[in-house]
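# Working through the structure, step by step
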Amino acid sequence: MEEDHGAIGAQQGKAAALPRYFIMANYKVKNERRDGVVREDEIYDWLIDKDNAELCGYRSDSFGFVRKIIRSVERYIGFTEGRGNDGASSTVMDTLQQLCGAAFSLHYVLLAAANFPKALFDHFVRQLESFLFYYIFTKTPTKDLERNFSIWADELREIAEIADAKAQKAKLNEFVAERLQKNMVGKDAELGDTLKRYTLGSMQQYRTRYLLAKLAQHVEIAFKGMRGPGGLGEFTALEVEHILPDTPEADLRQSFTAANPGKRYTK
């Protein structure tokens, strides 16, 4: 059997990083850098620290700590497979996967929100998708997202613990406005410039498919009068090449060549 080494490598990378993701998703991280991030070579030292050992409670309640790890790993795997916080197939998670790809390593921020009611969790995922669209398409360094997510995870855990449903929703909307939407507004001009210069070689093909699918979906929603978007499957199944004519006029071929140096119009 031929192995998909890229997929295997991505899975191994996620497995290796799970311990630190578990820590950042479930506990407040304090370090000298004040970035809330636990690096892979810091995991052991972080866990054996006296204050952190008490925070995790693995000495006083070892089985409870193990159960928490198992629950987090199951949820993390579910998120990477497009399932929601209830373990069922999720349209919003699948759409997030279409944007981020199988190797997306920042699902740990979703672990911090995993205990939200399903409707609130889905709302958060939609907002997170919009936020990540800005950051991914402007090619913001991943380490910047990791630092932000680790700090924001602390806030999301606090929101998840709010018992009153209305107060919880209001607090999450406040978080979305302050942490996600303000960052998106700050990147509006940068994203606009990026999309104006966008070519087929600007991004991985699956992300180009995502962008085109979202545009097609937006048009269809307006045309059919739908209340909201569904899955992207019917759009992403199309071949990107079908957007351009198989037998182009000479001026279209010349325009394509000028706008995409080094790219072939046909395979």
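Residues numbered from 1 in each chain as written. Predicted model: local features only at pLDDT ≥ 70, side-chain atom pairs only at ≥ 80, totals over all residues. Heavy atoms only, no water.

### Quick notes on a negative patch on the surface
A cluster of like negative charges, contributed by Glu-40, Asp-41, Asp-45, Asp-49, Asp-51 and Glu-54, occupies part of the molecular surface. Inspection of the secondary structure assignment puts Asp-51 in helix H3 (residues 50-56). (Patch = residues over 30% accessible without salt bridge, like charges linked within 9 Å, V, L, I, M, F, W, Y side chains within 5 Å. Areas by Shrake-Rupley, 256 points an atom, 1.4 Å probe, with all protein chains shown as cover. Salt bridge = Lys/Arg side-chain N within 4 Å of Asp/Glu carboxyl O. Lys, Arg positive; Asp, Glu negative; His and termini not counted. Charge placed at Lys NZ, Arg CZ, Asp CG, Glu CD. Helix = DSSP H or I, 4+ residues; strand = E, 2+ residues; numbered from the N terminus.)

### Observations regarding the packing of aromatic side chains
Summed over the entire model, instances satisfying the criterion amount to 17 aromatic pairs. Between the aromatic rings of Phe-149 and Trp-152, the centroid separation amounts to 6.0 Å while the plane-to-plane angle is 45°, which identifies the pairing as tilted. With Phe-149 and Trp-152 both in helix H8 (residues 142-160) and 3 residues apart, the pair spans about one turn of that helix. Assigned by exposure class, Phe-149 and Trp-152 land together as buried. A network of ring pairs unites the aromatic residues Phe-124, Phe-131, Tyr-135, Phe-149, Trp-152 and Phe-175 as a single cluster. The ring of Tyr-135 has Lys-187 lying over it, and the distance from NZ or CZ to the ring centre is 4.8 Å. (Phe/Tyr/Trp six-rings, centres within 6.5 Å; stacked < 30°, edge-to-face > 60°. Buried < 20%, exposed > 50% of the residue type's maximum accessible area, 1.4 Å probe, protein only. Lys NZ or Arg CZ within 6 Å of the ring centre and 35° of its normal.)

### A few points about the packing of helix H7 (residues 118-137) against helix H10 (residues 188-196)
Viewed as axis vectors pointing N to C, H7 and H10 meet at an angle of 60°, and their least axial separation amounts to 9 Å. Here H7 lies oblique to H10, going by the angle between them. Read as a crossing pair, H7 and H10 show a hand that is left-handed. When H7 is examined against H10, the residues Phe-133, Tyr-134 and Phe-137 are found in contact with a partner set consisting of Asp-188, Leu-191, Thr-194 and Leu-195. Residue composition of the contact of H7 with H10, by class: 5 nonpolar, 1 polar and 1 charged. (Axes fitted to C-alpha atoms, helices over the stretch in contact; angles between N-to-C directions. Parallel < 35°, antiparallel > 145°, perpendicular 65-115°, else oblique. Left-handed = near helix turned anticlockwise from the far one by under 90°. Contact = heavy atoms within 4.5 Å. Nonpolar A, V, L, I, M, F, W, Y, C, P; charged D, E, K, R; others polar.)

### Regarding the nonpolar core
Counting 63 residues, the largest nonpolar core has Leu-110, Phe-131, Leu-132 and Phe-137 as the members making the most contacts within it. Broken down by element, the residue count for this core peaks at 12 residues, all from H7. The residues contacting Leu-110, other than those within four sequence positions of it, are Phe-79, Met-93, Leu-96, Phe-121, Phe-124, Val-125 and Leu-128. (Core = buried A, V, L, I, M, F, W, Y, C linked by side-chain atoms within 4.5 Å.)

### Observations concerning the confidence of the model for the chain
Here the chain averages 85 in pLDDT, while 89% of its residues score no lower than 70. Of all the helices and strands in the chain, helix H1 (residues 5-26) carries the lowest mean pLDDT, 64, while helix H9 (residues 165-186) carries the highest, 96. This model gives residues 1-13 a pLDDT under 50, and the stretch forms 2 contacts once residues within four places in sequence are excluded. (pLDDT = per-residue confidence, 0-100.)

### Some thoughts on the side chain of Lys-187
Topologically, Lys-187 is positioned in the loop between H9 and H10. Leaving out residues up to four positions away in the same chain, Lys-187 has contacts with Tyr-134, Tyr-135, Thr-138 and Thr-140.

### As for the environment of Ala-114
Along the chain, the position of Ala-114 falls in the loop between helix H6 (108-111) and H7. Of the residues examined, Ala-114 reaches a relative accessible area of 3% and is grouped as buried. Through-space distance from the C-alpha of Ala-114 to that of Ser-72 is 9.0 Å; in sequence the pair is 42 residues apart.

### Here we look at the pattern of salt bridges
Here the structure, examined in full by the defined rule, presents 13 salt bridges. Residue Glu-146 is joined to Arg-20 by a salt bridge in which the shortest nitrogen-to-oxygen separation is 2.6 Å. Taken as a pair, Glu-146 in helix H8 and Arg-20 in helix H1 lie far apart in primary sequence, 126 residues in all. Summarising the burial analysis for this pair, Glu-146 and Arg-20 share the class buried. Across the pair Asp-122 and Lys-118 runs a salt bridge whose closest N-O atoms are separated by 3.1 Å. Here Asp-122 and its partner Lys-118 are both found in helix H7, 4 residues apart, which amounts to about one turn of the helix.

### As for the packing of helix H5 (residues 91-100) against H7
Axis separation between H5 and H7 bottoms out at 9 Å; the angle between their running directions is 10°. In terms of orientation, H5 lies roughly parallel with respect to H7. Contacts between H5 and H7 involve Val-92, Met-93, Thr-95, Leu-96, Leu-99 and Cys-100 from the first element and Phe-121, Asp-122, Val-125, Arg-126, Leu-128, Glu-129, Leu-132, Phe-133, Ile-136 and Phe-137 from the second. For the contact of H5 with H7, a count of residues per class yields 12 nonpolar, 1 polar and 3 charged.

### Observations concerning unusual backbone geometry
Not every positive phi belongs to a glycine, and Arg-34 is a case in point at roughly 60°. When you line up the elements, Arg-34 lands in the loop between H1 and helix H2 (43-48). In this model, Lys-139 sits at a positive phi of 55°, which is unusual for a non-glycine residue. Within the fold, Lys-139 resides in the loop between H7 and H8.

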